[in-house]
Amino acid sequence: MAASVFEALADPVRRRLLELVAERERTAGELAAEFAISRPAVSRHLRVLAEAGLVGWRGEAQRRLYRLEPGPLAEAGAWIERTRDSWAGRLDAMERHLDDTWREQPDDR
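For the nonpolar core, give the residues involved together with the corresponding values.
Side chains that are nonpolar tend, in soluble globular proteins, to be buried together. Counting residues in each nonpolar core, the largest one holds 20 residues, and the members touching the most others are Leu 17, Leu 31 and Leu 54. Listed by contribution, the elements that provide at least two residues to this core are helix 1 (3–9), helix 2 (12–23), helix 3 (28–32) and helix 4 (39–51). When sequence neighbours within four positions are dropped, the list of residues in contact with Leu 54 reads Val 5, Ala 8, Leu 9, Leu 18, Leu 49, Arg 67, Leu 68, Glu 69, Pro 72 and Leu 73.

As structure tokens, this is what we get:
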């Protein structure tokens, strides 16, 4: 799985774009109308999503209809599931360490 999937998902605009195309195919114009950013900015976000394999498109006359490509999301979800226990253990250990450190601090409050 390419890091580009997680990089693409890191941006809230791109996550919202994915939510919109998951509902149904949409044109770039329909997608741009959902945001307070320029249409070229939305197009750049769509390009990042397409390069990560998260969206696809098909031509219809002069328009492109964008759709969700679920494969990379499923792959990312599977990776998260495989590593969840490892991360949970590490986060628990960090929490214990922080609690211990906090208790060891002199009380000069």
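Structure shown, so let's carry the discussion forward.
If you had to explain the sheet that holds strand 1 (residues 26–27) to someone new, which residues and values would you point to?
Sheet architecture is open: 3 strands sit in the order 1-3-2, paired in antiparallel fashion. The open sheet is flanked by strand 1 and strand 2 (55–60), the only strands paired with a single partner. On top of the sheet, helix 2 reaches strand 1, strand 2 and strand 3 (63–68); it is set at about 95 degrees to strand 3, its chief contact.

Give a description of the packing of aromatic side chains that names residues and reports values.
On inspection of all chains with the given rule, the structure shows 1 aromatic pair. Above the face of the Trp 57 ring, Arg 64 is positioned so that its terminal group lies 3.7 Å from the ring centre.

Kindly report on the side chain of Arg 26, identifying the contributing residues and their values.
By the secondary structure assignment, Arg 26 is in strand 1. For Arg 26, a relative accessible area of 8% puts it in the buried group. Engagement of the side chain of Arg 26 in a polar contact is seen with the backbone oxygen of Leu 20, the distance being 2.9 Å. In this structure Arg 26 touches Leu 20, Val 21, Leu 31, Arg 64, Leu 65 and Tyr 66, once residues within four positions along its chain are discounted.

Report on the environment of Glu 51, specifying residues and quantitative values.
Inspection of the secondary structure assignment puts Glu 51 in helix 4. Judged by its relative accessible area of 63%, Glu 51 falls in the exposed class. In this structure, the C-alpha to C-alpha distance between Glu 51 and Leu 91, residues 40 residues apart in sequence, is 32 Å.

Please give an account of the pattern of salt bridges that cites residues and values.
Using the criterion set out here, one finds 8 salt bridges in the structure. Here Glu 19 and Arg 16 are joined by a salt bridge, their closest N and O atoms 3.0 Å apart. Of this pair, Glu 19 and Arg 16 both sit in helix 2, separated by 3 residues, roughly a single helical turn. Among the salt bridges present, the one from Arg 67 reaches Glu 69, with a minimum N-O distance of 3.0 Å. A single salt-bridge network, built from bridges that share partners, covers Glu 25, Arg 58, Glu 60 and Arg 63.

Analysis parameters
- Residues numbered from 1 in each chain as written.
- Predicted model: local features only at pLDDT ≥ 70, side-chain atom pairs only at ≥ 80, totals over all residues.
- Heavy atoms only, no water.
- Core = buried A, V, L, I, M, F, W, Y, C linked by side-chain atoms within 4.5 Å.
- Buried < 20%, exposed > 50% of the residue type's maximum accessible area, 1.4 Å probe, protein only.
- Helix = DSSP H or I, 4+ residues; strand = E, 2+ residues; numbered from the N terminus.
- Contact = heavy atoms within 4.5 Å.
- Pairing = 2+ DSSP bridges.
- Axes fitted to C-alpha atoms, helices over the stretch in contact; angles between N-to-C directions.
- Phe/Tyr/Trp six-rings, centres within 6.5 Å; stacked < 30°, edge-to-face > 60°.
- Lys NZ or Arg CZ within 6 Å of the ring centre and 35° of its normal.
- Polar contact = N/O pair within 3.5 Å; in protein donor to acceptor, adjacent residues only side chain to side chain.
- Salt bridge = Lys/Arg side-chain N within 4 Å of Asp/Glu carboxyl O.

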